[in-house]
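# Overview (structure and organization)
These are the residues of each chain, in order.
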Amino acid sequence: MTTGIRPRGWRPPRARRTQPRRLAVPHLLPVNGLGPEDVVLDEHDRIITGVDDGRLLALDQDGRQLRVLADTGGRPLGIETLPDGALLVCDAERGLLRIDPRHGHVHTLLAGGGPGRPALCNNAAVATDGTVYFSDSSRRFPLSRWRHDLMEHSGTGRLWRLPPDGPAEVLLDGLQFANGVALTPDETSVVVAETGAYRLRRVMLTGPRAGSSDTMLSAMAGFPDNISTGTDGLIWVTQAAARSRLLDTAHTHAPALLRLAAALPQPLQPQPAETLWLLAVDTHGRVVHELAAPVGDFGMVTGVRQYQGTLYLGSLTSRAVATLPLEPATPH
């Protein structure tokens, strides 16, 4: 990663405008619920996800066994594993939760709502010392109105840090729908996706620039959602939908029209074009992989995990999680 003074004329990396490498149709593992937004693998290599009715589910690798681990009573989004086998869940309604997958016990680490608390807890990353970094997407709109935040550009998202033995603190404020969170492999910085600004932001955690932030990747061609650090050391990024020229133009020239559009019933609002579109970037923000696959019955990919040559995917709109074999990149 870059930690020194920027050379004269330096600009943040921009996403490549090349044709993405095409992958096969993903293999779907159905779940009995809507919107398995994020995925993670537990210590038994089970696929863990959460659906819109509050349930946390575990699936085996072939999808034949599905077990309910817990019910958060809210809307689980981002999921991480903790060193002791417990699960960390970002719940859009209840806040930051710790869940015992053996007994289904749900413990609130940081309640959502109210002064000094997250409003829309979305995604997280856990450091080796137990520190939790997590996103708070919007103080203006609840999850059910996420489109409104993207149209209004409220800029009320935040990146938080919760140490094991201290109070939560805000690391970055004023984010355009703060979303996915990932730590670099050496944990010298934390990265957060800004969905509404089409970019990845980075906060330095160590060294002479500790506490400072910069743009790791800018001008992305899609809406970045959840991100995660793979076993390959790359940061994997979902792009839930293609960027809208109409939305970009309206933000610049006619923001009042977007406020009118936000007041329309949802079916009449501008709809995102669903994609199955992924990026992987190194710690310098360089795009190493740009991958796409046919949407079919699985689009709006919002969760990704790369584990030993396989991609595990979640979706906000599907009733399944998906797996994709990751073939070596084609040499250029």
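Note: the structure precedes this text.
These notes cover the structure that comes with them. The structure presented is a predicted model; accordingly, all values stated were derived computationally and were not measured. Throughout this document, residue positions are counted from 1 along each chain, in the order its sequence is written. Only residues with pLDDT of at least 70 get local features here, since the model is predicted, and only at 80 or more are side-chain atom pairs given and counted; chain-wide, interface and lining totals rely on the full set of residues. Derived side-chain values reflect all non-hydrogen atoms in the structure, with water molecules and hydrogen atoms excluded from consideration.

### Some words on the pattern of salt bridges
A pair is scored as a salt bridge if a Lys or Arg side-chain nitrogen falls within 4 Å of a carboxyl oxygen belonging to Asp or Glu. Evaluated as defined, the whole model comprises 15 salt bridges. Residue E152 is joined to R140 by a salt bridge in which the shortest nitrogen-to-oxygen separation is 2.8 Å. Of this pair, E152 sits in helix 1 (residues 146-152) while R140 sits in the loop between strand 12 (132-136) and helix 1; the two residues are 12 residues apart in sequence, bridging distant segments of the chain. Per-residue accessibility, obtained with a 1.4 Å probe over protein chains only, is compared with the maximum for each type, and a residue is labelled buried under 20%, exposed over 50%, and partly exposed between these values. When its relative accessible area of 30% is taken as the criterion, E152 is described as partly exposed. R161 is the salt-bridge partner of E169, the closest N and O atoms lying 2.9 Å from each other. Given the relative accessible area of 22%, R161 is considered partly exposed. The structure contains a network of salt bridges with shared partners spanning D38, E80 and R305. Put simply, DSSP H or I for four residues or longer makes a helix, DSSP E for two residues or longer makes a strand, and each gets a number counted from the N terminus.

### Focus on the state of the cysteines
Two cysteine sulfurs form a disulfide in these notes if their separation is within 2.5 Å. All chains considered together, the criterion is met by 0 disulfides. Of all cysteine sulfurs, the one in C121 lies closest to C90, which takes part in no disulfide; the gap is 3.5 Å. Among the residues examined, C121 registers a relative accessible area of 1% and is labelled buried.

### Details of the nonpolar core
A general tendency of soluble globular proteins is for nonpolar side chains to be buried together. Note on terminology: a nonpolar core comprises buried Ala, Val, Leu, Ile, Met, Phe, Trp, Tyr and Cys residues joined through side-chain atoms within 4.5 Å. Core analysis: the biggest nonpolar cluster contains 21 residues, and L200, L217, M220, I227, I235, V237 and V281 have the highest contact counts within it. For this core, the secondary-structure elements that each account for two or more residues are helix 1, strand 16 (189-194), strand 18 (213-217), strand 19 (222-229), strand 20 (235-242) and strand 21 (274-281). Whether two residues are in contact is decided by their heavy atoms, any of which lying within 4.5 Å being enough. Beyond its immediate chain neighbours, meaning those up to four positions away, I235 contacts A182, T184, V191, M216, I227, S228, T229, L279, A280 and V281.

### So, the sheet that holds strand 9 (residues 95-100)
Paired strands, in this sense, are two strands between which DSSP finds at least two bridges. Spatially, 4 strands are ordered 7-8-9-10 in an open sheet, and the strand pairing comes out antiparallel. Of all strands in the sheet, those bounded by a partner on one side alone are strand 7 (76-81) and strand 10 (105-111). Neighbouring strand axes in the sheet, compared pairwise and without regard to direction, differ in orientation by 25 degrees on average. Sheet topology places strand 7 next to strand 8 (residues 87-91); 4 bridges connect them, and they run antiparallel. Within the sheet, the bridge partner assigned to T81 lies in strand 8 and is L87. Note on definitions: angles span 0 to 180 degrees between N-to-C directions of axes, and those axes are lines fitted to C-alpha atoms, for helices only across the stretch in contact.

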